[in-house]
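One-letter residues, chain by chain:
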Amino acid sequence: MADEHGSTAYDSHIEGLRQTEFPQLQDEVYLDHAGTTLYAKSLIDKFAADLTSNLFGNPHSASLSSQNSTSRIEDIRLRVLQFFNADPSEFDLIFVANATAGVKLVVEPFRGAPGRFDYLYHEACHTSLVGVREEAANSLCLDDAAVNSWISGTDPAARFGEDSRPVLFAYPAQSNMDGSRLPLSWPEELRKTESMPGRQTYTLLDAAAFVPTSPLDLSSSETAPDFTVLSFYKIFGFPDLGGLIVRRQAASVFQSRKYFGGGTVDMVVCVAEQWHAPKTQALHESLEDGTLPIHNIIALDSALDTHRRLFRSMNDVSAHTSSLSQRLHHGLAALKHGNGQPVCVIYSHPSLSRTPESPMGNGPVVTFNLQNHLGNPISLVEFEKLAVLKRFHVRTGGLCNPGGISRALNLQPWEMKRNFSSGFRCGTENDIMNGRPTGVIRVSLGAISTSADVEKFIAFIDEFYRTQRIAELTPPIPTSSPGDSLDLYVERITVYPIKSCGGFRIPAGTQWEVRPEGLAWDREWCLVHRGTGQALSQKHHPRMALIRPVVDFSSGKLRVSYQGSWPINGPTRISVPLSANPGLFRAGVPSAAMASRVCGEVISAQVYTSSEVNDFFSTILEVPCALARFPPGGLGTSMRYAKAHLQKHQKVNKTAQYKIPCEFPGMDTPPDSDSESERQRILLSNESPILAINLSSLHVLNEQIAQRGGKAVSPEVFRANVIIGSSASEAQPSAYSEDRWASLRIGQQDFRMLGSCRRCHMICIDQETAEKGEEPYITLSKTRRFDGKVFFGTHMCHIPSTAMGTKEAQFPTITIGDKVVVDPA
Ligand SMILES: *Cc1c(COP(=O)(O)O)cnc(C)c1O
């Protein structure tokens, strides 16, 4: 076993492999072995050589190529059994699509048994095993203690298996949530137990999370589970294939499987009589329905060879990953805020120590949550934004492990249901409910992880999530009062006619109309994916920045051009009329309104039919997409409301009049007003009608970026509508004064502030080149993070004038150079 800092020789061996075998890893820090797979270059080369030098036909025929496949597959089946020390006379291997398919194949005969079956499953089970309960006559979820008392014949499941119903007991060898390991001795104990005479009890071991970093030894058929499922891609990266290992003594179960398919029968009679003869020679022959994934199975040969050559043995992998996770566990546990509060709440056990709570040790997994110095959780969504920029690959969320998550987070069923009904779903921004996390961060170390990865990750958490001096947390309150003395004016006005595409700068001297939904022509169009209807975002398609629309009133057109430096195969400009010509959209309004989604919200957008228009965008972005329009004045799903609201950091002592709906730190809050009439309409912008930024704040930010050795960013990255400059000699006094603005007067028009703008790493895309960097998000996350969220800029909406008689009231406009007067909170 390696020492606490790992066997340096093996670690440097892996470092070397990273250069040659995993070129895709050079700039990435890969800490998600359990969730993402990586191919070794020599595996793919070896497989390619195998494929191009042999002919592999569909098995079950007499041709030479077919025979070739059949014999190779049987050889590989044996090799895989040997990889797990399983004697082929005691075990058979059935190839399946993945571990989940293996589970479903096991359940099939149980479902077909008279009176079905009873199902017991451990609380650490993956969702794919939890779902089995829906097929069972009775089911029960057990923790460790309950399993042990069931095995020893006392409750809670004593009546399970009565009426000669078979009992299936499922559990993971290792939890995919926190890496905890469960006793491999349970199958044997169950077989030996005297208390269940005559009951047919079977064990299903989910080894999918265990086998990638541990040897699984099935050398004794007496102690082995009846059924073991796993996914090969989790061990080798490739191929996408799963396995079900069946203990032959349990094979008779499959007699009650009803289905048969091509490949699993010897003879079928259909006409006049219904009769069939299942294959009987080998168990796997009677269970592998249809054509086997021949080439995937063939690839396993290369995978087994390459794995042994690169990583030597599973024992080596196990020792290496255990020592890495031990170091990570210690490193994270040692991080403390200035007031002594731990930075990480860790749910996993240290992997090398066997304690009474974890007698089996722990897999090389560290699952945890971050908390601030007050013990409040840090949002996982926010953590991910930073982690992505820093190229850390880690998994966050519920991890398909409902029991493990509720145990770790101490979430009761009613809380999970309440969270669900109040909008929490896998993958939403709302990941903290009532001050408690709803998911976790999971680091899982694999064969190719190195101590450098671990050290980088600890340093990252230390730099961004540990607060040494608590005083640092208080937002810098501007010293002078945010009033007239700042000499503010409108420096620039920009609209973004197509959501997430380039901006159109309003020419100087143009009076630009302000509407209740925002500036005229802002975010009135979007691009939707032709398959899903989802609006495309620059976050995933940075090239959208290179698509530049111009609102051209003289021709009555929205002219769109492509401004990228690499050539595209097609026209570089198109235009569509500004007028809403119904003939351009999918026929038959209102069914023309295709269900599109913007930020998860279902909207009815009008989708253009012109292939010239749609191909233009699709070619640039290399995504099948279509242009869609969301004109103002719609009803129902043709209208949207603002979501922006005041943030807690904007509250200063003397302005206690603010209603702060946010009861708990980090919790997302509803808009300030819910009443229909007061709610603020928007078009396709994410949160609010108008976004403004203050150049003085940007100036200070750029100074801070420079101090960290970074390059200044331009105001464009924030994609604001109104850029406010100051003619005061110093930027400092007015920097971030916008946090305290209650309303603004721009020229003749009044605006109400709706709260700070929460940011994501999309602000790291250079709007000129579409290239991604780290700034300004990284610096902002140090200087402008409140309640775990990063803010820059301010949302606002127009306040229509009540004085009807004037031109300014009837046709409100703003223009570059307009004086900006602040009404402080
Ligand atoms: C990944 C995993 C599964 C599911 O595997 P699939 O290949 O997606 O079917 C099941 N159980 C555990 C413990 C896992 O880690």
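Structure: see above.
Residues numbered from 1 in each chain as written. Predicted model: local features only at pLDDT ≥ 70, side-chain atom pairs only at ≥ 80, totals over all residues. Heavy atoms only, no water.

(A) Structural context of the overall build of the protein. Secondary structure summary: the protein contains 19 helices and 38 strands in total. When the 825 residues of the protein are sorted by exposure, 54% land in the buried category. Put simply, of all contacts in the protein between residues at least 6 apart along the chain, 72% involve residues at least 24 apart. (Helix = DSSP H or I, 4+ residues; strand = E, 2+ residues; numbered from the N terminus. Buried < 20%, exposed > 50% of the residue type's maximum accessible area, 1.4 Å probe, protein only. Contact = heavy atoms within 4.5 Å.)

(B) Spatial organisation of the site of the ligand. Residues in contact with the ligand, as listed here, are Asn98, Ala99, Thr100, His126, Asn176, Asp206, Ala208, Ala209, Ser231, Tyr233 and Lys234. In this structure, Tyr233 approaches the ligand through a side-chain N or O atom, which is 2.9 Å from an oxygen atom. Contact between the ligand and Lys234: an oxygen atom at 2.7 Å from a side-chain N or O atom of the residue. Taken by itself the ligand offers 380 Å² of open surface, and the protein chains cover 88% of this. Every element with two or more residues in the shell around the ligand is listed here: α4 (99–112) and α8 (232–236). Residues of the shell around the ligand, tallied by class, amount to 4 nonpolar, 5 polar and 2 charged. (Near = heavy atom within 4 Å. Polar contact = N/O pair within 3.5 Å; in protein donor to acceptor, adjacent residues only side chain to side chain. Areas by Shrake-Rupley, 256 points an atom, 1.4 Å probe, with all protein chains shown as cover. Nonpolar A, V, L, I, M, F, W, Y, C, P; charged D, E, K, R; others polar.)

(C) Main features of the sheet that holds strand β24 (residues 557–562). Strand order across the open sheet formed by 3 strands is β23-β24-β25, with antiparallel pairing between neighbours. Each edge of the open sheet is held by one strand with a lone partner, namely β23 (547–552) and β25 (573–577). Averaged over all adjacent pairs, the angle separating strand axes in this sheet is 20°, with direction ignored. Judged from the 5 bridges that link them, β24 and β25 form a sheet pairing that is antiparallel. Looking at β25, one finds that Leu558 is bridged to Val576. (Pairing = 2+ DSSP bridges. Axes fitted to C-alpha atoms, helices over the stretch in contact; angles between N-to-C directions.)

(D) View of the packing of helix α3 (residues 64–83) against helix α10 (residues 294–311). Two elements in contact, α3 and α10, have axes whose closest approach is 9 Å; the angle formed by their N-to-C orientations is 45°. Between α3 and α10, the angle is such that the two are oblique. Where α3 crosses over α10, the two elements pack in a sense that is left-handed. In this structure, α3 uses Ser69, Arg72, Ile73, Ile76, Arg79, Val80 and Phe83 to contact α10, whose residues at the interface are Ile294, Ile297, Ile298, Leu300, Asp301, Leu304, Asp305 and Arg308. Class assignment for the residues of the contact of α3 with α10 results in 9 nonpolar, 1 polar and 5 charged. (Parallel < 35°, antiparallel > 145°, perpendicular 65-115°, else oblique. Left-handed = near helix turned anticlockwise from the far one by under 90°.)

(E) Up close: the pairing of strand β17 (residues 440–444). Along β17, 5 of the 5 residues are buried, which leaves the element largely enclosed by surrounding structure. Here strand β12 (residues 365–370) pairs with β17 via 4 bridges, running antiparallel. When the bridges of β17 are listed, Thr367 appears paired with Arg442.

(F) Just the packing of aromatic side chains, in detail. This model, assessed by the stated rule, comprises 33 aromatic pairs. On the numbers, 5.0 Å between centres and 80° between planes, the contact of Phe616 with Phe617 is edge-to-face. Members of the aromatic cluster, each reached through a chain of ring pairs, are Phe110, Phe117, Tyr119, Tyr121, Tyr202, Phe227 and Phe254. Lying over the aromatic face of Phe464, Lys782 brings its terminal NZ or CZ to 4.9 Å of the ring centre. (Phe/Tyr/Trp six-rings, centres within 6.5 Å; stacked < 30°, edge-to-face > 60°. Lys NZ or Arg CZ within 6 Å of the ring centre and 35° of its normal.)

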